[in-house]
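An overview of the molecular structure
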Amino acid sequence: MKVVFSVLLVLIPALAFGYLRQPTEMGLAIIAGGLAAVFVNIDKIQRVKGAGFEAEMRKAVEEAYATTESLRQLGKPLLESILHILTMADRIGGMNPHQKHVFRTELERLGQDLGVAGDQAVCSAHELFFRYHTWDHFNNFASHVYEVQVIPEGTRKKLMIMQKRESNAYPSRDDIEAALGNDADKLRAADKERLEDYIHYREQRNLRRPEALSGE
């Protein structure tokens, strides 16, 4: 089982990125998979020799066992997400927002177990995730409001131009209500739900309801 799992750790991400014609990501996946495979099989290693150096591994085994289980757990979300990429390649649609947030939470937990949660690059990746999904929530609200013809076009455009995906200057409830002015009472019930979805995500960084961003 260890041999099979080790091969899967290296091959599956590499094949996926190769299929998607992403050579850089494929190379990084091979390196990451190889390192993970080493830790998975570290109980078989006693010495590492080569190129004029010899390093004793026995002393490191106990410490390595602490991370081995976390590395094994990394295989589940890794394999599941890669298989999803392969399944949805060249198709319309993608992973639903709820599942993406489940994966992100699991990866955050694994990052804490591995002691890399505070790494700047890892933190930046999480922040980017939240930034894009915060704006996705706002766009879901604003784009649906834009369809409400009884609201003046000028008011609808005010909402649309508030989107600045390159920043984290997310409009507050007060900003949105100021833009809508007296037209706020013309929002449909579904639009009000989308607004609450956005405000909740902006403040809590989690989905207010599973169907949020589902395009309902």
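In this report, we go over the structure that sits alongside the text. The model shown is predicted, which means the values in this text are computed figures rather than measured ones.

Procedures and definitions
Residues numbered from 1 in each chain as written. Predicted model: local features only at pLDDT ≥ 70, side-chain atom pairs only at ≥ 80, totals over all residues. Heavy atoms only, no water. Helix = DSSP H or I, 4+ residues; strand = E, 2+ residues; numbered from the N terminus. Contact = heavy atoms within 4.5 Å. Areas by Shrake-Rupley, 256 points an atom, 1.4 Å probe, with all protein chains shown as cover. Salt bridge = Lys/Arg side-chain N within 4 Å of Asp/Glu carboxyl O. Buried < 20%, exposed > 50% of the residue type's maximum accessible area, 1.4 Å probe, protein only. Axes fitted to C-alpha atoms, helices over the stretch in contact; angles between N-to-C directions. Parallel < 35°, antiparallel > 145°, perpendicular 65-115°, else oblique. Left-handed = near helix turned anticlockwise from the far one by under 90°. Nonpolar A, V, L, I, M, F, W, Y, C, P; charged D, E, K, R; others polar. Polar contact = N/O pair within 3.5 Å; in protein donor to acceptor, adjacent residues only side chain to side chain. Core = buried A, V, L, I, M, F, W, Y, C linked by side-chain atoms within 4.5 Å. Arc of directions from axis to C-beta.

**Notes on the overall build of the protein chain**
When its secondary structure is counted, the protein chain shows eight helices and two strands. The N-to-C order of helical and strand elements in the protein chain reads α-α-β-β-α-α-α-α-α-α. Restricting to contacts in the protein chain with at least 6 residues of sequence separation, those with at least 24 account for 62%. Counting only carbon and sulfur atoms, one obtains 58% of the accessible surface of the protein chain, whose full area is about 13,300 Å².

**Section: the pattern of salt bridges**
Applying the stated criterion across every chain, the model contains 13 salt bridges. The salt bridge partner of Arg 104 is Glu 108, with a shortest N-O separation of 3.1 Å. Taken together, the residues span about one helical turn, with Arg 104 and Glu 108 both in helix α4 (residues 97-114) at a distance of four residues. Taking the relative accessible area as the measure of exposure, Arg 104 reaches 10% and is therefore buried. In this structure, Arg 205 and Glu 127 form a salt bridge, with 2.7 Å as the shortest nitrogen-oxygen distance. One end of the pair, Arg 205, is in the segment after α8 (189-204); the other, Glu 127, is in helix α5 (residues 120-145), with 78 residues separating them in the sequence. On the basis of relative accessibility, which here comes to 40%, the residue Glu 127 falls in the partly exposed class. Here the salt bridges share partners, and the residues they tie into one network are Glu 193, Asp 197, Arg 208, Arg 209 and Glu 211.

**A short note on the packing of helix α6 (residues 153-160) against helix α7 (residues 173-180)**
Look at α6 against α7: their axes get within 9 Å of each other, and the N-to-C directions meet at 160°. Our classification of the angle between α6 and α7 gives roughly antiparallel. When the axes of α6 and α7 are compared, the crossing they make is right-handed. Contacts between α6 and α7 pair Thr 155, Lys 158 and Leu 159 from the former with Ile 176, Ala 179 and Leu 180 from the latter. Its residues placed into classes, the contact of α6 with α7 shows four nonpolar, one polar and one charged.

**Overview of the side chain of His 101**
The residue His 101 is located in helix α4 in this model. Within the structure, the side chain of His 101 is placed 2.8 Å from the backbone oxygen of Pro 97, a separation counted as a polar contact. Residue contacts for His 101: discarding those within four places in its chain leaves Phe 129, His 133, Tyr 201 and Leu 207.

**Observations concerning the packing of α5 against α8**
Following both chains from N to C, one finds α5 and α8 inclined at 165°, their axes separated by 9 Å at the closest point. In terms of orientation, α5 lies roughly antiparallel with respect to α8. As for the relative orientation of α5 and α8, their crossing is left-handed in sense. From α5, Phe 129, Phe 130, His 133, Thr 134, His 137, Phe 138, Asn 140, Phe 141, His 144 and Val 145 reach across to α8, where they touch Asp 191, Arg 194, Leu 195, Asp 197, Tyr 198, Tyr 201 and Arg 202.

**With respect to the environment of Leu 195**
Within the secondary structure, Leu 195 is located in helix α8. Setting aside chain neighbours within four positions, we find Leu 195 in contact with Phe 141 and Ile 176.

**Some words on the nonpolar core**
In this structure, Phe 138, Phe 141, Leu 159, Ile 176 and Tyr 198 are the most contacted members of the largest nonpolar core, which totals 17 residues. Ranked by residues supplied to this core, first place goes to α5 with five residues. Filtering out sequence-adjacent residues up to four positions away, Ile 176 remains in contact with Phe 138, Phe 141, Leu 159, Met 162, Pro 171, Leu 195 and Tyr 198. One finds Phe 129, Phe 130, Leu 207 and Ala 212 within the second-largest nonpolar core, a separate group that totals five residues.

**Concerning α6**
Listing the buried residues of α6 in full gives Thr 155, Arg 156 and Leu 159. For α6, the angular spread of buried residues about the axis comes to 100°, placing them on one side. Elements that come into contact with the buried residues of α6 comprise α5 and α7.

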